[in-house]
Amino acid sequence: MTDNKIYFKFDGKKYSGVKGDTIASALLRNNVKLVGRSFKYHRPRGIYTCGIEEPNALVQIINEFNEPNVRATVKKIYEGMVVKSQNRWPSLKRDFGSINNLLSPIFSAGFYYKTFMGPKGFWKNLYEPLIRRTAGLGKPPREFKSKSTHLHHNVDILIVGGGLSGLLAAKKLAGTDKDVLLIERENELGGILKNSNKVKSINDQKTSEWLEKTERLLKNSTNIKILKNTTVTTYNYSNHLTAIEDRSVGIEPDNKKSELVLHKIRTENTILANGHIERFLSFRNNDLPGVMLAASFEKYIQRYDVVPDNNPVIFTNNSSTYSLLKLLIDRNCIPRAYVDVRDVKKIERETLDLLEAHNIPFYPKSEVEGCDGNNKIKKISLRTKKNKIIKIEASMLCISGGINPDIHLFTQSKGLVKWDEKILTFKPEKSFQKTITLGSVSGNFIFKKIIDEVNQKLNFIDGVNDIDIKIEVNGSEEFNIKEIWETKNNNNSLWSKSFIDLQNDVTTKDLTQAIREGFDRIEHLKRFTTNSMGTDQGKISSINALGIVSKLLKKSVSEVGTTTYRPPYNPVSFSAIAGRSTYEFYDPERKTPIHPWHLKHNAVFEDVGQWKRPWYYKKYENESMNEAVQRESKQVRESAGILDGSTLGKIEIKGKDALEFVNMMYTNSFTKMKPMSAKYALMLGEDGMVKDDGIVCKINDNHFITTTTSGGAANVLSHMEEFAQTEWPNLNVYLNSITEQFATFNISGPKSRIILSRVFNNIDFSNHKFPYMTFNTFDYLNYKVRILRASFTGEQGYEIYVPPKYALTLWERIFYYSRDVDLVPYGTETMHLLRAEKGYIIVGQETDGTVTPLDLNLNWMIGKKKKDFIGKRSLTRSDIIKGDRKQLVGLVPVDKSYGIEEGQHVIEDKNIPSQIDKPIKMLGHVTSSYFSPTLNHSIAMALIKEGNRKIGSQIYVSTSNMNVIPVEVVKPNFLDPENKRLLS
Amino acid sequence: MLLIKCPYCGERDQSEFTNGGEAHVTRPKNPEQVTDREWAEYVFIRSNPKGIYYERWVHSHGCKKWFNAVRNTSTDEILLTYKIGETPPPIKKFQNTLKSPSGEPDVGSGNFTVKKP
Ligand SMILES: [Zn+2]
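Residues numbered from 1 in each chain as written. Chains lettered and ligands numbered in written order. Predicted model: local features only at pLDDT ≥ 70, side-chain atom pairs only at ≥ 80, totals over all residues. Heavy atoms only, no water.

A. Expanded view of helix α15 (residues 542-553) of chain A. Residue and element names in this part refer to chain A. Its twelve residues give α15 an end-to-end C-alpha distance of 16 Å, which sits within 8% of 16 Å, the value for a rise of 1.5 Å per residue. For α15, the buried fraction is high: ten of the twelve residues fall into the buried class. Taken as a whole, α15 has its buried residues at S542, I543, N544, A545, L546, G547, I548, V549, S550 and L553. Note on α15: the residue one or two positions beyond its end, K554, has a positive phi of about 55°. (Helix = DSSP H or I, 4+ residues; strand = E, 2+ residues; numbered from the N terminus. Expected span 1.5 Å × (residues − 1). Buried < 20%, exposed > 50% of the residue type's maximum accessible area, 1.4 Å probe, protein only.)

B. Local environment of unusual backbone geometry. Residue and element names in this part refer to chain A. Cis geometry is adopted by the peptide bond preceding P568, which originates at P567 and carries an omega value of -5°. Among the structural elements, P568 can be located in the loop between α16 (557-560) and α17 (574-578). We note that D11 has phi near 50°; this positive angle belongs to a residue other than glycine. Overall, D11 belongs to the partly exposed group, its relative accessible area being 28%. Of note in the backbone geometry, E946 takes a positive phi value of approximately 50° without being a glycine. With respect to the helices, strands and loops of the structure, E946 is situated in the loop between β48 (937-945) and α25 (947-950).

C. Representation of the coordination of the zinc ion within the structure. All names here are of chain B. Within the protein, the atoms that donate to the zinc ion are C6 (SG), C9 (SG), H59 (ND1) and C63 (SG), at distances of 2.0 to 2.3 Å. Taken together, the four donor atoms coordinating the zinc ion and their angles of 104 to 114° define a geometry best described as tetrahedral. The sequence pattern formed by the donor residues of the zinc ion is C-x2-C-x49-H-x3-C. Here H59 lies in the loop between β4 (52-58) and β5 (66-72) and C6 lies in strand β1 (residues 3-6), a separation of 53 residues in the sequence. Look at H59 and you get buried, because its relative accessible area is 1%. (Donors = N, O, S within 2.8 Å, 3.2 Å for Na, K, Ca; no water. Tetrahedral: all angles 85-135°; square planar, octahedral: opposite > 155°, others 65-115°.)

D. Focus on helix α1 (residues 36-43) of chain B. For α1 of chain B, every residue scored as buried is listed here: W39, A40, Y42 and V43 of chain B. Down the axis, α1 of chain B shows its buried residues gathered within 160° of arc, on one side only. (Arc of directions from axis to C-beta.)

E. Structural detail: the sheet that holds strand β22 (residues 379-383) of chain A. All names here are of chain A. If you walk across this open sheet you meet the three strands as β21-β22-β23, and the pairing is antiparallel. A single partner strand is all that each edge strand has here, and the edge strands are β21 (367-372) and β23 (389-393). Between one strand axis and the next, the sheet turns by 25° as a mean value, whatever way the strands run. As judged from the five bridges shared by β22 and β23, these two strands associate in the antiparallel manner. Bridging from a neighbouring strand, R383 pairs with I389 of β23. (Pairing = 2+ DSSP bridges. Axes fitted to C-alpha atoms, helices over the stretch in contact; angles between N-to-C directions.)

F. Expanded view of the pattern of salt bridges. Residues and elements named next belong to chain A. Evaluated as defined, the whole model comprises 54 salt bridges over all chains. Where R43 meets D287, a salt bridge forms, and the shortest distance between an N and an O atom there is 2.7 Å. Placement of R43 in the loop between β3 (36-37) and β4 (44-45) and of D287 in the loop between β16 (276-278) and β17 (291-293) is noted, with a sequence separation of 244 residues between them. Residue classification places D287 among the buried residues on the basis of a relative accessible area of 1%. Between E268 and K434 there is a salt bridge, and its shortest N-O distance comes to 2.6 Å. With E268 in strand β15 (residues 260-272) and K434 in the loop between β27 (425-430) and β28 (435-437), this residue pair connects regions lying 166 residues apart in the sequence. For E268, a relative accessible area of 40% corresponds to the partly exposed category. Overall, the relative accessible area of 46% leaves K434 in the partly exposed class. (Salt bridge = Lys/Arg side-chain N within 4 Å of Asp/Glu carboxyl O.)

All we've got here are geometric facts, nothing functional implied.
So, in structure tokens, the structure goes:
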């Protein structure tokens with residue numbers, strides 16, 4: 001491009017702006033005033049401000065994954081940007097939802113709470129979809145790709161805000177040994193010096209010259225780092241702040257999504273120099289496109305060289321609008337009128353002189369009653385000193401209701417604020433942390449005092465010197481304001497509304513109503529009316545609401561108090577919070593060394609914790625899970641199967657007191673246990689509830705290896721560590737996770753011994769030499785394997801522990817040696833079925849943190865002679881031995897053709913009444929259920945009240961189609977109760 | 001986000017730590033000899049004061065060591081950390097630091113961000 005024009009689209013129409021323009025400044029350049037529809041009433045809305053405080057001009061960036069609720073007043077344009085207005089249908093100018101405005105009497109405060117109470121089902125099917133369509137802001141993006149990242153800083157001093165006072169503070173700290181981070185929200189330093197012409201000169205230079213010089217000085221100071229386009233959003237405890245930096249300001253992000261950096265900053269001292277926010281005023285139709293804050297209007301001229309309107313009306317209650325008046329006149333734009341609620345005697349000399357010299361219609365002690373127009377201002381109605389209504393034709397109205405120190409961050413830091421009667425606003429009173437406020441955020445609106453303030457508040461820092469500069473201002477030095485929050489309304493039509501919160505469409509009438517209904521505490525009032533609960537947190541209006549409420553309650557603003565400003569200061573994109581932790585990086589995936597083999601053999605995976613475990617293997621393309629599981633489990637029982645058990649948690653316990661420690665951690669007794677033998681063991685919490693189970697292998701009294709459930713490994717280790725460190729620090733015991741040091745294969749089935757004898761032909765696997773629940777370590781090829789005779793299927797079985805780097809070769813070797821034996825790889829679902837046939841529990845399926853070993857009939861696992869172990873005492877608590885607890889039983893359908901559903905209720909009565917008017921007595925629930933191909937019927941386990949006593953009786957299980965099926969209660973041991981297979 | 005001083009590693013970000021509940025809750029020496037009530041006190045009952053609180057932390061994403069801390073629950077300031085086994089400093093030592101942010105009342109909470117007149 002040869003010219004410096006940038007083309008972009010807004011609602012399908014092409015517009016041009018210049019480099020550096022925000023969407024808002026570019027639209028104003030093209031005289032576009034209507035940019036959106038409001039949240040509740042769908043009223044036409046325009047651009048109200050020129051910055052982060054914008055309540056109205058929220059747009060959607062179509063070419064950035066539909067990014068919604070983007071502030072048009074902040075987002076900078078680039079070539080080809082596609083922008084859409086929000087919250088309108090079918091078009092911005094003719095919006096269907098604006099009918100809500102006429103229905104507004106029913107949309108009053110508390111409307112949602114009161115209206116949608118019934119009948120049953122209406123909320124889900126009717127109200128919610130309807131409300132969702134008409135209410136709300138932008139539409140959420142469908143895709144999400146993030147290039148965002150996180151950065152950490154540890155500094156001595158953080159300066160928030162690169163305006164005049166922030167720059168002075170940085171200048172003072174330049175060259176000291178303090179690490180300083182200066183954060184500026186805009187793309188240029190300067191703040192008020194850039195936004196307005198209030199400061200005429202600094203040290204007799206133009207402000208731009210001084211700025212340039214200062215920035216050069218700071219850039220050359222090695223101890224100062226400057227971040228621009230960065231907004232501090234959160235101020236936490238311990239001087240920890242977070243800030244969001246936008247690294248693609250004014251350029252199209254290359255992956256179609258802004259590159260955001262979330263800075264996490266830890267600092268010794270925080271200097272808040274984040275300035276102020278102008279507030280608005282409430283009057284009839286104060287939301288009409290064309291109404292704009294006066295300082296924002298000035299900022300558009302100063303920063304963007306756009307004059308939103310050549311002849312606006314200015315309406316103020318304070319002295320700050322002088323600079324706008326002067327700027328307009330300097331540009332030969334003569335305001336149509338200047339309306340000031342103050343008495344002429346209170347109005348500054350400079351202002352009066354300017355008004356007189358340029359013959360500007362001047363209305364002191366007057367107010368704007370309201371404005372009218374269709375989609376934009378046409379006429380402004382004034383109430384003069386003599387209470388006469390006059391109408392002025394104009395298309396823009398600049399308003400100023402005063403200045404608020406931007407105390408959001410200060411109150412987030414838990415600092416105390418106080419109402420100042422002179423400047424009519426809250427200002428910082430007392431810091432809670434090491435926080436210093438400088439400039440207008442501290443309530444200091446007088447430029448000449450800034451130097452003194454900076455020197456005074458920063459002189460405690462080692463190595464700083466007093467700085468001295470001369471500041472000349474345009475207009476009066478003093479800040480003068482008259483209290484007014486809302487003007488009197490002369491028109492009561494339905495269309496006429498006086499807003500107190502533009503983003504959430506809260507009117508002053510809503511406040512009145514809420515107070516009438518008893519919500520007179522400010523925090524209640526906020527929630528009931530949703531005042532200042534929008535994404536802008538009522539930045540330009542929340543103090544006004546306090547003002548109005550204080551008048552209604554006849555209290556002082558100080559007594560009314562302010563609501564808590566909550567982080568973040570402005571909306572933070574989820575992409576920034578997520579950083580790089582998205583998709584595969586969101587939660588790490590853990591894969592076993594056999595994973596490639598599983599993939600090759602069509603395993604379908606299940607997530608167990610972070611692990612990917614084969615769930616079942618598809619033998620052929622269309623095999624269903626049920627078919628696969630039936631096939632796999634049958635084959636294990638008939639020949640042999642192999643399961644990749646590498647995900648089992650493994651913990652090594654060593655030390656002189658290892659035996660004593662293991663005795664305390666598990667219910668079983670390990671004292672008399674022989675070295676090189678193993679035990680199935682239970683771990684309880686101190687409350688006596690089953691926490692985990694596993695196999696404890698004893699190498700000797702000083703060395704144990706235990707396994708844990710796949711998902712529980714980390715918790716079990718930290719549970720052990722906790723007791724080792726805090727309860728028994730005197731015990732000599734060391735714990736180490738060795739989960740990833742060994743891959744584990746579980747081979748079971750009648751042919752497993754044959755297979756192992758072939759693979760490890762030097763080992764004697766006979767029952768006599770290698771009995772059940774023993775283990776040993778063997779040299780194999782050039783490494784060692786540990787083999788344990790154990791089984792979770794009830795079949796003859798072995799567990800092989802092998803270093804991961806040899807695991808895949810060994811796995812393949814096992815298959816090589818089983819060519820004629822029909823070894824089947826099986827997944828977790830088949831494992832679950834096989835163990836259920838044997839009545840073995842799974843922690844987390846048969847237990848849920850409320851189940852004791854007694855409830856599971858695992859009394860045999862409790863070391864009777866042990867004096868103590870974790871949870872032992874709880875097992876004799878009166879509540880635990882009451883006898884009416886739920887116990888684990890087996891269920892078999894009376895009619896063997898029926899299946900039992902997992903999770904269903906177990907009930908005593910077979911009749912479920914058609915009209916249920918009181919809860920049906922529930923005995924318990926089905927914890928596991930499978931169809932056993934070996935037994936050829938359904939089997940289930942259930943936890944039911946007094947289960948042991950019900951064995952042999954008939955009860956009922958509900959079904960998902962509101963039926964019941966009769967079942968017989970049996971011992972949960974369906975197959976081979978004598979353990980013949982297991983010990984074969 | 002608090003800054004917590006691990007007695008072994010020094011000051012670290014809160015995200016590296018896990019809170020472990022009240023400190024100095026001793027496990028009965030002979031669990032079999034205590035009453036149900038005494039045992040339940042140990043297993044279930046914890047104090048929840050507004051103000052000085054002795055609690056346990058573990059440097060879970062660091063050295064994995066457990067340690068004790070004294071925290072003012074009304075301000076969230078961690079006043080002191082010390083190793084397991086060290087004698088806890090008397091509560092009197094901390095009384096004068098008992099203050100609430102934003103002038104909250106001594107008991108209960110509330111959002112009083114404005115100084116009481
Ligand atoms: Zn540590």
